[in-house]
Structures are given as C-alpha cells and as structure tokens.
Amino acid sequence: MDCRPGCAACCIAPSISSPLPGLPHGKPAGVPCPQLDTDLRCRLFGRPERPAVCGSLQPSAEMCGDTREQALHWLARLEALTCVGDAGNADAQGRAPLTSVAARPPRG
C-alpha cells in the first residue's frame, strides 16, 4: 500500500522518541513533524537523517483507513492505548514513544 497524498497522519499523531532534525528530543504526539513540506511530504524520505522508526511504520489498510481523519484517529488511539503499558519510557504527558509501539496494533 502507498501513502495517501496529503495525509501525513503518521508524521503527526504518534510520538517519536528518537531525535530528528528540528526536534533533538523527539516529537510529542499530535505535533506535526517539522520535516513535513507544504504538500505534507517528508523532506527526509530516503535520506540517512530520517529516523529508522519513521521507516518502520508502514502504511496499511487498517492504519490508514479510507480518509486522513480515520488514519489520525487510529494512530491517536494506538498512542493512547499503548502509553499505560510503557510507562517507563513515557513522556511527561504519559505517552509512549512510537519506537516502542510501532509493531503493535491497537486493542479493542
């Protein structure tokens, strides 16, 4: 599956604990990555500066849904469902980093 043009849900909804250009301490959930361009495409795609975790989150019909709003909702729900079980790595708001949850689907 290819990414939906103009979506960028995976670059907005989840937290990322890895440093990335423009965010040396990672990215909080719900904050757009500063590497998104005006077309909501990653400026780091295919470059060595792109964090490995970003490439590990692959688009899927379940995650992306039929609309950008569905993708944002799915990823925000994943973030919320996984933050409790990963409290040792959670940020100040209790959110788990994407690096620890990328492979786990949401429950329920």
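Before reading on, note that the structure itself is shown above.
The paragraphs below set out a description of the structure included in this document. (Residues numbered from 1 in each chain as written. Predicted model: local features only at pLDDT ≥ 70, side-chain atom pairs only at ≥ 80, totals over all residues. Heavy atoms only, no water.)

**A few points about the side chain of Ser 15**
Okay, step 1: Mapped onto the secondary structure, Ser 15 falls in the segment before helix H1 (52–56).
Okay, step 2: The class for Ser 15 is buried, based on a relative accessible area of 4%.
Okay, step 3: Only 2.6 Å separates the side chain of Ser 15 from the side chain of Glu 79, close enough to count as a polar contact. (Helix = DSSP H or I, 4+ residues; strand = E, 2+ residues; numbered from the N terminus. Buried < 20%, exposed > 50% of the residue type's maximum accessible area, 1.4 Å probe, protein only. Polar contact = N/O pair within 3.5 Å; in protein donor to acceptor, adjacent residues only side chain to side chain.)

**Quick word on the environment of Phe 45**
Okay, step 1: Here Phe 45 lies in the segment before H1.
Okay, step 2: Taking the relative accessible area as the measure of exposure, Phe 45 reaches 61% and is therefore exposed.

**Re the nonpolar core**
Okay, step 1: Membership of the largest hydrophobic core is limited to 10 residues, which are Cys 7, Ala 9, Ala 13, Leu 57, Met 63, Cys 64, Ala 71, Trp 74, Leu 75 and Leu 78.
Okay, step 2: Breaking this core down by element, the ones donating at least two residues are helix H2 (61–64) and helix H3 (68–83).
Okay, step 3: The element that contributes the greatest number of residues to this core is H3, accounting for 4 residues.
Okay, step 4: Filtering out sequence-adjacent residues up to four positions away, Ala 71 remains in contact with Arg 4, Cys 7, Ala 9, Met 63 and Cys 64.
Okay, step 5: One finds Ala 8, Cys 11, Ile 16 and Cys 33 within the second-largest nonpolar core, a separate group that totals 9 residues. (Core = buried A, V, L, I, M, F, W, Y, C linked by side-chain atoms within 4.5 Å. Contact = heavy atoms within 4.5 Å.)

**Focus on the pattern of salt bridges**
Once their charged atoms are close, side chains differing in charge can pair, the charge on each being opposite to the other.
Okay, step 1: Inspection of the entire model under this criterion finds 1 salt bridge.
Okay, step 2: Ionic pairing is found between Arg 47 and Glu 49, a salt bridge with its closest N-O pair at 3.0 Å. (Salt bridge = Lys/Arg side-chain N within 4 Å of Asp/Glu carboxyl O.)

**Some details on the state of the cysteines**
Okay, step 1: The full count for this structure, using the stated rule, is 0 disulfides.
Okay, step 2: We note that Cys 54 lacks a disulfide partner, and the nearest cysteine sulfur, in Cys 33, lies 6.4 Å from it.
Okay, step 3: What makes Cys 54 partly exposed here is its relative accessible area of 22%.
Okay, step 4: Free cysteine Cys 64: the closest other cysteine sulfur is in Cys 7, separated by 6.3 Å. (Disulfide = S-S within 2.5 Å.)

**Quick notes on the layout of surface pockets**
Okay, step 1: A volume near 580 Å³ is recorded for the largest pocket.
Okay, step 2: Cys 3, Cys 10, Cys 11, Phe 45 and Arg 50 are the residues nearest the centre of the largest pocket, which is lined by 30 residues in total.
Okay, step 3: Listing elements by their share of the lining of the largest pocket, those giving two or more residues are H1, H2 and H3.
Okay, step 4: For the lining of the largest pocket, the leading source of residues is H1, giving 3 residues.
Okay, step 5: Residue composition of the lining of the largest pocket, grouped by class: 23 nonpolar, 3 polar and 4 charged. (1 Å grid on protein atoms, 1.4 Å probe; cavity = no way out; pocket = protein on both sides within 12 Å on 5 of 7 lines; lining within 4 Å. Points joined across faces, edges and corners; volume = space filled by probe spheres on them. Nonpolar A, V, L, I, M, F, W, Y, C, P; charged D, E, K, R; others polar.)

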